[in-house]
Amino acid sequence: MPQILYRKALNDAFAEELERDENVVLIGEEIAEYNGAYKVTEGLHARFGDRRVIDTPISEAAFCGLGIGASMLGIRPVIELMFWSFSYVAFDQLFNNAATVRYMSGGLINVPIVVRGPANGGTNVGATHSHTPENFAAYTPGLKVVCPSNAYDAKGLMKSAIRDNDPVFVMENTLLYGQKWEVPDEEYLIPIGKADIKREGADISLIAHGRCVITCLEAAKVLEEDYEIDAEVLDLRSIRPLDQEAILNSVRKTNRAVLVDENKPFCGTGAQIAAIIQEHAFDDLDAPVKRVSSLDAPQIYSKPLEDEMIPNVQRIVRTVREIL
């Protein structure tokens, strides 16, 4: 099985869906002639033309509104945000309109859009370019939220998102774009809402999404080699719908859980998962549920400080050892 870059896996997903369905279009800033700020859309404008891969002005409110309106008439736009932080200037379009049109029309009007781009810290771009708003989006009924941790999942989930009749927000990580994973040549889909165990374990469950899954796998290796602790790593893949069954099955197996994500801790994704575990698996727990999240402050610009601000291997290992 060939190894390809995360960005190439996304690019292949777009190319396959553009080829398969003439209603699929890509929309965003610098995605066409410049090939995208992160080269995720490289070569697609030359291949499919400017009616399918469309450069926009620097106005997220405008092109998100354009995409939502087009989707209501049968187009399937894939909208790139250069940073998910910029979704806030299109909050009304995305969180108020896209999320509610199907409900308010009694199911008569679908909004089959994908909104995608990086949502992460760790790249030293400051507080206004480092948001992880998956908890904002997952809070909103009508939206689906996907956070792939590797190239294989990114491709399969993206293809499913493009074919979905609801708005799907795909939150990527710039630190993963240049990393390689095995991805098959043949077509495949990954269902939205299905978690995946990335590492089997017996002593504790590390539950994460996005790049934090990679950090958890690194921490699990340290825990095994240095402390003889056998950690299971569960990759949520999507935040909404959330695979509650997979979470509870893992916790009932290991009897302990550490929840790892880049959200701020207050009202974060981990808080929701902790509530689910407490409600449905309280009697299975041998220790309190712990969280490792970003520090509760605006994102720090300094690289050494930001490296400590977001979840890292040392913080995860320290938290696991507190429980065990």
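Refer to the structure printed above.
How each quantity is defined
Within every chain, residues take consecutive numbers counted from 1 along the sequence as written. pLDDT decides what is reported in this predicted model: residues at 70 or higher carry local features, side-chain atom pairs at 80 or more are listed and counted, and totals for whole chains, interfaces and linings draw on all residues regardless. Neither water nor hydrogens contribute to the side-chain values; these are computed over all heavy atoms in the structure. Every helix listed is a DSSP run of H or I at least four residues long, and every strand listed is a run of E at least two residues long, numbered separately from the N terminus. For the radius of gyration, the atom set is restricted to C-alpha positions; the globular benchmark scales as 2.2 Å times the number of residues to the power 0.38. Classification of residues uses two cut-offs on accessible area relative to the type maximum, computed with a 1.4 Å probe and protein chains only: under 20% is buried, over 50% is exposed, and between them is partly exposed. Using a 1.4 Å probe, accessible areas were evaluated by the Shrake-Rupley method; residue-level cover was limited to the displayed protein chains. Positive charges are assigned to Lys and Arg, negative charges to Asp and Glu, while His and the chain termini are left out of the count. Charged groups are reduced to one reference atom each: NZ for lysine, CZ for arginine, CG for aspartic acid, CD for glutamic acid. When DSSP finds at least two bridges between two strands, those strands are taken to pair. The axes used here are C-alpha line fits, helices contributing only the stretch in contact, and every angle between their N-to-C directions lies in the interval 0 to 180 degrees. Note on contacts: a residue pair qualifies if any of its non-hydrogen atoms lie within 4.5 Å across the two residues. We call two directions roughly parallel when the angle between them is under 35 degrees, roughly antiparallel when it is over 145, roughly perpendicular when it lies between 65 and 115, and oblique otherwise. Rotating anticlockwise by less than a right angle from the far helix to the near helix defines a left-handed crossing, while the corresponding clockwise rotation defines a right-handed one. Note that Gly is not counted as nonpolar here; it falls among the polar residues with everything else outside the nonpolar set of Ala, Val, Leu, Ile, Met, Phe, Trp, Tyr, Cys and Pro and the charged set of Asp, Glu, Lys and Arg. In this description, a nonpolar core means a group of buried Ala, Val, Leu, Ile, Met, Phe, Trp, Tyr and Cys residues linked to one another through side-chain atoms lying within 4.5 Å.

Turning our attention to the overall build of the chain. A tally of regular secondary structure across the chain gives 12 helices and 14 strands. The C-alpha radius of gyration computed for the chain amounts to 19 Å, which stays within 12% of the reference 20 Å derived for 324 residues, consistent with globular compactness. Seen through its C-alpha atoms, the chain measures out along the principal axes to roughly 55 × 40 × 40 Å. A total of 324 residues make up the chain; the buried ones form 56% of that total. Carbon together with sulfur atoms contributes 51% to the accessible area of the chain, which is approximately 14000 Å² in total. In the chain, which carries 32 positive and 48 negative side-chain charges, the distance between the mean positions of the two groups comes to 1 Å.

In spatial order, the strands read 3-2-4-5-7-6-12; together these seven strands make up an open sheet with mixed pairing. Each edge of the open sheet carries a strand with a single partner, namely strand 3 (53–55) and strand 12 (238–240). Along the sheet, successive strands turn relative to each other by an average axial angle of 20 degrees, direction set aside. The pairing of strand 6 (residues 144–146) with strand 12 spans two bridges and is classified as antiparallel. Across the sheet, residue valine 146 finds its bridge partner in strand 12, namely serine 238. Here helix 1 (residues 6–20) sits on the sheet in contact with strand 2 (24–28), strand 4 (76–80), strand 5 (114–118) and strand 7 (168–172), set at roughly 135 degrees to strand 2. Helix 3 (residues 60–71) rests against strand 2 and strand 4 of the sheet, and its axis sits at about 165 degrees to strand 4.

Take the packing of helix 1 against helix 7 (residues 151–163) next. Two numbers describe how helix 1 lies on helix 7: the axes approach to 8 Å, and their chain directions differ by 30 degrees. With respect to each other, helix 1 and helix 7 are oriented roughly parallel. Judged by the sense of rotation from one axis to the other, the crossing of helix 1 with helix 7 is right-handed. Judged by residue contacts, Tyr6, Ala9, Leu10, Asp12, Ala13, Phe14, Glu16, Glu17 and Arg20 of helix 1 engage Ala151, Ala154, Lys155, Met158, Lys159, Ile162 and Arg163 from helix 7. Among the residues forming the contact of helix 1 with helix 7, the class breakdown is nine nonpolar, no polar and seven charged.

As a further point, take the pairing of strand 4. Of all five residues making up strand 4, five are buried, and the element is well covered by its neighbours. Burial of strand 4 is two-sided: the residues Arg76, Val78 and Glu80 facing one way and the residues Pro77 and Ile79 facing the other way are all buried. The pairing of strand 2 with strand 4 spans five bridges and is parallel. Each bridged residue has a counterpart across the sheet, and for isoleucine 27 the counterpart in strand 4 is isoleucine 79. With three bridges joining them, strand 4 and strand 5 adopt parallel strand pairing. Bridge assignment links glutamate 80 to a residue of strand 5, and that residue is arginine 116.

Looking now at the nonpolar core. Counting residues in each nonpolar core, the largest one holds 41 residues, and the members touching the most others are Leu94, Val115, Phe169, Met171, Ile207 and Ile277. Apart from residues no more than four positions distant in its own chain, phenylalanine 169 is found in contact with Trp84, Leu94, Phe95, Val115, Ala137, Leu143, Lys144, Val145 and Val146. Listed in part, the 38 residues of the second largest apolar core include Leu10, Val24, Leu44 and Tyr177.

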